[in-house]
Amino acid sequence: MGEQSLSQPKPQPLSPSPPASSSAAAASTSRASAASRPKKAHPSSDPSAPNHPAKKPRPALSAPGRPLSADGEVAAAIRHLRAADPALAAVIDAHEPPAFHCPHRPFHSLVRSILYQQLAFKAASSVYSRFIALLGGEAGVVPDAVLALTPHQLRQIGVSPRKASYLHDLARKYATGILSDAAIVSMDDRSLAAMLTMVNGIGAWSVHMFMIFSLARPDVLPSADLGVRKGVQMLYGLDDVPRPSQMDKLCERWRPYRSVGAWYMWRVIESKAPQPAPAIPVGPLTLPAPDGQLMLEHHQHHQQQQQHQEQTVIQMIDPLQMLPGMG
């Protein structure tokens, strides 16, 4: 059998360098071969290079528009709403224009909002008056003073332990610099909502009311507010109360003055609320019994109806009464 090449190959003697012409030809062939192969994409440090992924620009935060408390701003809003929405124009004609003015600083307004939460207007006013007295007047409503109040002191004036924790959380965020009156006034609506809802006890509805009535922001739509939703239902003759998710589309034409549009929806609710029944019934009367008992019962029934209807009106208006500067 012939010898097989199982052993290591013997080293070959080094050959002399090829002639220059041969080297040039080989180099030319190598370059041509490399050119025919697809090039691998390498990341470039030059941002202007075409293969460098473009950086997404950060969304610009819009500064808040002119407040509705500025001269002529409410008049401009009414002109816009009257032209943009004929149905709303009739409501505008039936009511005096709103006035947006808040006498309190943002911190004070937020404290007041927390104190009024989930209370009837009369009870909330009483608690608020005692709170102001505890701090020595409205000028004393500052973060350090609120932080210094103990839960026991607050409980003695009618503030629940939960609300006391809300007040302390708000005051603490002011004291640590997370929030400030200056920052709140200068923030755009979206950033402000994100910051304020970080405070325990302050939700989206409270933020919307604060932005409309304390900061006089012009384009805030409280889409979850039942009163505004019912007003939109009445305004446009809808079969059902619109869902919060439908409100943006329904009220799109009110931009950039949706705050004023919402204000008029509360007026619609007030005007459509059941009117108190007359104390003396109108129409054919049933002859009273000799002792007048039948007439007395009839009169008492009407009084009960009147009280119930008045209470219904109060409940619908209550969220507006708790806020200052409504006009």
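Owing to the predicted nature of the structure, the values given are computational and were not obtained by experimental measurement.

A.B. asks: Explain the overall build of the protein chain to me, and be specific about the residues and the numbers.
C.D. replies: Regarding its fold elements, the protein chain presents 15 helices and 0 strands. Buried positions account for 35% of the 327 residues belonging to the protein chain. Considering only intrachain contacts with a sequence separation of at least 6, the fraction spanning at least 24 residues in the protein chain is 65%. By element, 58% of the accessible surface of the protein chain is carried by carbon and sulfur atoms, the whole surface being about 20200 Å².

A.B. asks: Just give me the short version of the packing of aromatic side chains, but keep the residues and values in it.
C.D. replies: What the rule picks out here adds up to 6 aromatic pairs. Feature note: the residues Phe 100, Phe 213 and Trp 266 constitute an aromatic cluster, connected by ring pairs. One Lys or Arg, Arg 112, reaches over the ring of Tyr 128 and ends 5.1 Å from the middle of that ring.

A.B. asks: I'd like to hear about the confidence of the model for the protein chain, residue by residue, with values.
C.D. replies: With 64% of its residues at a pLDDT of at least 70, the protein chain reaches an overall mean of 78. The model gives residues 40–50 a pLDDT under 50, and that stretch makes 6 contacts with residues more than four places away or in other chains. A low-confidence stretch, residues 52–62 stays under pLDDT 50, and its non-local contacts, those more than four residues away or across chains, total 6 contacts.

A.B. asks: Break down the packing of helix H2 (residues 73–84) against helix H3 (residues 86–94) for me, citing the residues and quoting the values.
C.D. replies: Relative placement of two packed helices is described by the angle separating their axes and the distance separating the axes. The N-to-C vectors of H2 and H3 enclose an angle of 135°; their axes lie 6 Å apart at closest approach. Taken together, H2 and H3 sit at an angle that is classed as oblique. Contacts from Ile 78, Leu 81, Arg 82 and Ala 84 of H2 reach H3 at Pro 86, Leu 88, Ala 89, Ile 92 and Asp 93. Looking at the contact of H2 with H3, its residues break down into 7 nonpolar, no polar and 2 charged.

A.B. asks: Describe the packing of helix H12 (residues 226–236) against helix H14 (residues 258–272), naming the residues involved and giving the relevant values.
C.D. replies: At a closest axis distance of 8 Å, the pairing of H12 and H14 adopts a crossing angle of 75°. For the element pair H12 / H14, the angle class is roughly perpendicular. Residues Gly 227, Val 228, Lys 230, Gly 231, Val 232, Met 234 and Leu 235 of H12 pack against Ala 262, Met 265, Trp 266, Val 268, Ile 269 and Lys 272 of H14. Looking at the contact of H12 with H14, its residues break down into 9 nonpolar, 2 polar and 2 charged.

A.B. asks: Hey, could you go over the environment of His 101 for me, with residue numbers and the actual values?
C.D. replies: On the secondary structure map, His 101 appears in the loop between H3 and helix H4 (106–116). On the basis of relative accessible area, His 101 is assigned to the exposed category, the value being 56%. Sequence-wise, His 101 and Phe 213 are 112 residues apart; in three dimensions their C-alpha atoms are separated by 7.3 Å.

Scoring rules and cut-offs
- Residue numbers run consecutively from 1 along every chain, following the written order of its sequence.
- Totals for whole chains, interfaces and linings use all residues, but because this is a predicted model, local features are given only for residues with pLDDT of at least 70 and pairs of side-chain atoms are given and counted only at 80 or more.
- For the side-chain quantities, the full set of heavy atoms in the structure was used; hydrogens and water were omitted.
- Secondary structure elements are defined from DSSP: runs of H or I of at least 4 residues count as helices, runs of E of at least 2 residues count as strands, and each element is numbered from the N terminus.
- Accessibility here uses a 1.4 Å probe with only protein chains present; expressed as a share of the type maximum, an area under 20% marks a residue as buried, one over 50% as exposed, and anything in between as partly exposed.
- Contact between two residues is taken to exist if any of their heavy atoms lie within 4.5 Å; hydrogens are not considered.
- The Shrake-Rupley method, run with a 1.4 Å probe, gives the accessible areas here. Residue values count only the displayed protein chains as cover.
- Centre distance within 6.5 Å is the pairing criterion for rings of Phe, Tyr and Trp, where only the six-membered ring of Trp is used; planes under 30 degrees apart are then read as stacked, over 60 as edge-to-face, and the remainder as tilted.
- In our convention, an over-ring charge means Lys NZ or Arg CZ found within 6 Å of a ring centre and within 35 degrees of that ring's normal.
- Each residue carries a pLDDT value, the predictor's own confidence for that position, ranging from 0 to 100.
- For helices, the axis comes from a line fit to the C-alpha atoms of the stretch in contact; other axes are also lines fit to C-alpha atoms, and the angle between any two N-to-C directions lies between 0 and 180 degrees.
- Roughly parallel covers angles under 35 degrees, roughly antiparallel covers those over 145, roughly perpendicular covers 65 to 115, and oblique covers all other angles.
- Amino acids are sorted into nonpolar (Ala, Val, Leu, Ile, Met, Phe, Trp, Tyr, Cys and Pro), charged (Asp, Glu, Lys and Arg) and polar (every other residue, Gly among them).

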